[in-house]
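Letter by letter, the chains look like this.
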Amino acid sequence: MTDSRLPTGVALITLILLAGVPLSLYYAGHIFWLDIFTRAVVLAIAAASLNLMLGFAGLASFGHAAYLGIGAYAVGVPAYYETYGGGGMIASYSGWWHLGLALGASALFAAVTGAISLRTRGIHFIMITMAFGQMLFYLLVSIDEYGADDGMTVDLTSQFSHVDLSDPVMLFGICYGSLLLLLLLQYRLKHSHFGRILAAIKQNENRTRALGVNTFYYKLTAYVLAGVICAYAGVLMANFSTFISPGMIEWTRSGELMFMVILGGTAWVFGPVVGAMIFVLLEYFLAGLTVYWHLPFGLLLILTVLLFRGGLGGMLQRIGATRGEGQS
Amino acid sequence: MIAVQTINGLQLGILLFLLSSGLTLTFGIMDLINLSHASFYMLGAFVCASLTVLTGSFLLAIVMAVPITAFIAFVVEWSIVGRLYQRDHLDQLLATFGLILVADTLVHWFWGPSGLAVPLPAWLQGQVSLGASLFDPAIVIPTYRLLVLGFGIAVALGLFWLVGYTRTGMLIRAGASNRVMLSALGVNVRLLFTGVFALGSVFAALAGMLIAPVTEASIGMGNDIIITAFVVVIIGGVGSIKGALLAALFIGLVDTFGRAFLDVLLMQIMSSQAAETAAPAISAMLIYLLMAVILVVKPQGLFPPAQR
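Note that the structure is predicted; figures quoted are calculated from it, not measured. (Residues numbered from 1 in each chain as written. Chains lettered and ligands numbered in written order. Predicted model: local features only at pLDDT ≥ 70, side-chain atom pairs only at ≥ 80, totals over all residues. Heavy atoms only, no water.)

Engineer: Explanation requested: empty space enclosed by the protein in the structure shown.
Structural biologist: Here the idea is plain: a probe the size of a water molecule rolls over the atoms and shows the empty space left. All names here are of chain A. Tallied over the entire structure, the rule returns one cavity of 30 Å³ or more. Counted as a void, the largest cavity has a volume near 60 Å³. Taken together, S61, G63, H64, A66, Y67, F109, T113, T129, F132, G133 and Y223 form the lining of the largest cavity. When contributions to the lining of the largest cavity are tallied by element, the ones reaching two or more residues are α3 (65-84), α4 (95-117) and α5 (122-142). Examining the composition of the lining of the largest cavity, we find that three residues originate from one element, α5, more than from any other. Within the lining of the largest cavity, the residues separate by chemical class into five nonpolar, six polar and no charged. (1 Å grid on protein atoms, 1.4 Å probe; cavity = no way out; pocket = protein on both sides within 12 Å on 5 of 7 lines; lining within 4 Å. Points joined across faces, edges and corners; volume = space filled by probe spheres on them. Helix = DSSP H or I, 4+ residues; strand = E, 2+ residues; numbered from the N terminus. Nonpolar A, V, L, I, M, F, W, Y, C, P; charged D, E, K, R; others polar.)

As structure tokens, then:
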């Protein structure tokens, strides 16, 4: 066993910084930073949900941003109907209704597409999840009523009785709390029976099946769970940015989510959080420097893959391991 | 109307074949999933557009653009992609996604943010009348579309000849069925891989050059169609060139017909207003639904290559 104190320490410090920095800057008058960090936290939730498939079960879904879109449109569409009429019983400002719609629709979409794509493995799985993501993208682009590819603004955030999501500090608190809960859940899940089976599937699916495990149902459960959690992130995203468009689910978005997870390291429950933070900060600083910010970003992606095996989590673990050897 | 749409569908199918044949070859032989294919499609269009303006001849531009894109493919393979063959698919996917971002930005830097139109020579701008048919009074088709169709068919035939009847093709097929054995027999597999990557990339670039006069060259133009090419590869069976050809033509026709006639078809079974809202949504999803149905029946695609 390797020494896991170093990664755990980094995780705790990051979590403290993730809450402390934006809030102290916000109360010091730099309101803008709270936006950046809220975005980072929401993306961290989405990336962590992807890690549930990628890191836990080795399922490389390249269409995960679709669930962000499902969550976001589950806020935007009912609010749109409530404002402008029509839509029948879908129309509502109620946050619980938005949540229910997001979770239900994403679970349905995940169950159907998962049942089809999980029949395949490896490269087929990657391409098929990508294709299903694009299917949803083109569907949204073709619906003129929801603004087609221009998207639409969310005029009023989801309404809850005691919580006002249009208050930025409140919204940040909800996002941050959700992230903490999710990480806790994932940590428990990883060391549960379910998590162990997923890890076994990741290592060798045929052997796991030979042990009498119905691997398909375990994979499908992980697939649906990841989708539902990501749709939740989509609900938060719509309330945060108050603007939704098909652009948020294009396959390049899925690639970015994937990048966050890989950058942070898949073997580490906390990896996606670090990855999402680095991604959002990089995006902000590079975009501020030059219009060509995708160039250093793309190069970084290539270098991460070529030189940085196992992501930051893997690197920390290696450093921790050599330290442990030195001490003993 | 039907005949014109058939030609359109076949033309889309040929373009998709040019794109997906490279994808399916690089996967079948190098076990490489290559998103940067989309970038070569875009590069082909931009290089061709610039050369057309520079030389004043579209055909000369194509002839000159082929070695240029092949050289770029060679450099990319040598510097980055060549290091990815031994890695898992996820690493390949992310690194080639990084390549797309780099290529998009470099094109933006070099050619500017707006698109680039490709002027056609006068003799290609006209239209050809094919006379009356059973369904239409007279079919009028732009000459250029016919040229694209003919050129695409020629390239496809050339590829089948190369893979099926030459010594290089024999090595390519051998590499696809057992790489280790091929290398043990003294074949320079590394060189073969470089060649196949360059070949696939040139095919993608050719597709870009052919479409450039119709849609103009624009940044990120490959990022949408690459997913459609993936659908073609999946439906055809990953690694199969024959499968890629049939699936490409099939997808091209289905997509074109769906967009052209679905609203009329739906009006037969529902109100015209409902049909007009549903038709664009369904036709946008049509090829993906088709893929889903085919995968339910045959998870390995229609023509899965023999097991290794």
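Engineer: Sorry, what's going on with a nonpolar patch on the surface here?
Structural biologist: All names here are of chain B. Taken together, F71, F74, V75 and W78 make up a surface patch of nonpolar side chains, about 460 Å² in accessible area. With respect to the secondary-structure elements, V75 resides in helix α3 (residues 58-79). You can call V75 partly exposed: its relative accessible area is 34%. (Patch = residues over 30% accessible without salt bridge, like charges linked within 9 Å, V, L, I, M, F, W, Y side chains within 5 Å. Areas by Shrake-Rupley, 256 points an atom, 1.4 Å probe, with all protein chains shown as cover. Salt bridge = Lys/Arg side-chain N within 4 Å of Asp/Glu carboxyl O. Buried < 20%, exposed > 50% of the residue type's maximum accessible area, 1.4 Å probe, protein only.)

Engineer: Any chance you could explain the interface of chain A and chain B here in plain terms?
Structural biologist: Interface size is commonly expressed as the accessible surface area that is lost when the partners come together. Each side of the interface is counted separately: chain A has 39 residues, and chain B has 44 residues. Viewed at the interface, chain B and chain A are joined by zero salt bridges. Among the secondary structure elements, those contributing two or more residues to the side of chain A that touches chain B are α5, α10 (251-264) and α12 (294-307) of chain A. Element by element, the count of residues in the side of chain A that touches chain B is highest for α5(A), at 14 residues. When its residues are assigned to classes, the side of chain A that touches chain B shows 26 nonpolar, nine polar and four charged. (Contact = heavy atoms within 4.5 Å.)

Engineer: I'm lost on the packing of α10(A) against helix α4 (residues 89-111) of chain B in this one. Help?
Structural biologist: Axes are the key here: two packed helices are described by the angle between their axes and the distance separating the axes. Where α10(A) meets α4(B), the axes come as close as 11 Å, and the angle between the chain directions of the two elements is 120°. Here α10(A) lies oblique to α4(B), going by the angle between them. Along this stretch, α10(A) crosses α4(B), giving a crossing that reads as left-handed. Contacts between α10(A) and α4(B) involve A:W251, A:T252, A:G255, A:E256, A:M258, A:F259 and A:I262 from the first element and B:L90, B:L94, B:F97 and B:I100 from the second. In terms of residue class, the contact of α10(A) with α4(B) is built from eight nonpolar, two polar and one charged. (Axes fitted to C-alpha atoms, helices over the stretch in contact; angles between N-to-C directions. Parallel < 35°, antiparallel > 145°, perpendicular 65-115°, else oblique. Left-handed = near helix turned anticlockwise from the far one by under 90°.)

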